[in-house]
Amino acid sequence: KMLRKLLKVNKTDAEWRAELTEMEYYVLRKEATENAFSSDLLDIKEKGTYVCAGCGTPVFKSEHKFDSGTGWPSFDREIEGNVAF
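Everything quoted here is computed from the prediction, not taken from an experiment.

## A word on the side chain of Lys65
Part 1 of the argument: Position of Lys65 among the secondary structure elements: in strand β3 (residues 65–66).
Part 2 of the argument: Buried within the structure, Lys65 lacks any salt-bridge partner; Asp43 is the closest side chain of opposite charge, at an N-O distance of 6.9 Å.
Part 3 of the argument: Among the polar contacts listed, one links the side chain of Lys65 to the backbone oxygen of Leu42, at a separation of 3.3 Å.
Part 4 of the argument: Among the polar contacts listed, one links the side chain of Lys65 to the side chain of Tyr50, at a separation of 3.1 Å.
Part 5 of the argument: When near neighbours in sequence (up to four residues on either side) are disregarded, Lys65 contacts Leu41, Leu42, Asp43, Ile44, Tyr50, Pro73, Ser74 and Phe75.

Take a look at the structure:
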């Protein structure tokens, strides 16, 4: 699979803190993990696309979401070219 050119986002720490919720900031900028079963996204059933809170890149489609029993939203595939592992 070929990844699209990675989007580089240049923001100051103050800009990140202003744009993200406290939890988003710690997860995206400090490599934290939210507590299992605490995400507002866990029980969403509506059709749509999940996007990165930091840059707006579409990362997952709702039709690929499943209940893994882990307490975090789970997907069986990413939007090809938009996610790097």
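## Examining the pairing of strand β2 (residues 58–61)
Part 1 of the argument: As defined by bridge partners, strand β1 (residues 49–51) adjoins β2 across 3 bridges and the pair is classed as antiparallel. What sits directly across from Val51, in β2, is Pro58.
Part 2 of the argument: Two successive antiparallel strands, β1 and β2, enclose a turn made up of 6 residues, where Gly56 displays a positive phi of approximately 80 degrees.

## Brief notes about unusual backbone geometry
Part 1 of the argument: The backbone of Glu31 sits at a positive phi, close to 60 degrees, despite the residue not being glycine.
Part 2 of the argument: Inspection of the secondary structure puts Glu31 in the loop between α2 (22–30) and β1.
Part 3 of the argument: On the basis of relative accessible area, Glu31 is assigned to the exposed category, the value being 73%.
Part 4 of the argument: Phi angles above zero are rare outside glycine, and Phe37 is one such case at about 65 degrees.
Part 5 of the argument: Summarising the element assignment, Phe37 is placed in the loop between α2 and β1.

## Regarding the packing of aromatic side chains
Each aromatic ring pair is summarised here by two numbers: the centre-to-centre distance and the angle between the ring planes.
Part 1 of the argument: Overall, the coordinates contain 3 aromatic pairs when judged by the stated rule.
Part 2 of the argument: Relative to Phe75, the ring of Tyr50 has its centre 5.0 Å away and its plane inclined at 70 degrees; by these criteria the two rings are edge-to-face. Of the two residues, Tyr50 sits in strand β1 while Phe75 sits in strand β4 (residues 74–75), which places them 25 residues apart along the sequence. An identical accessibility class is assigned to Tyr50 and Phe75; each is buried.
Part 3 of the argument: Look at Phe60 and Phe75: their rings are 4.3 Å apart centre to centre, the planes differ by 10 degrees, and that puts the pair in the stacked class. In this pair, Phe60 is assigned in strand β2 and Phe75 in strand β4, connecting sequence segments 15 residues apart.
Part 4 of the argument: Take Phe75: its relative accessible area is 18%, and that puts it in the buried class.
Part 5 of the argument: The rings of Tyr50, Phe60 and Phe75 are connected pair by pair, giving a single aromatic cluster.
Part 6 of the argument: In this structure, Lys11 packs its charged tip against the face of Trp16, placed 4.6 Å from the ring centre.

The rules behind each value
Residues numbered from 1 in each chain as written. Predicted model: local features only at pLDDT ≥ 70, side-chain atom pairs only at ≥ 80, totals over all residues. Heavy atoms only, no water. Helix = DSSP H or I, 4+ residues; strand = E, 2+ residues; numbered from the N terminus. Buried < 20%, exposed > 50% of the residue type's maximum accessible area, 1.4 Å probe, protein only. Lys, Arg positive; Asp, Glu negative; His and termini not counted. Salt bridge = Lys/Arg side-chain N within 4 Å of Asp/Glu carboxyl O. Polar contact = N/O pair within 3.5 Å; in protein donor to acceptor, adjacent residues only side chain to side chain. Contact = heavy atoms within 4.5 Å. Pairing = 2+ DSSP bridges. Phe/Tyr/Trp six-rings, centres within 6.5 Å; stacked < 30°, edge-to-face > 60°. Lys NZ or Arg CZ within 6 Å of the ring centre and 35° of its normal.

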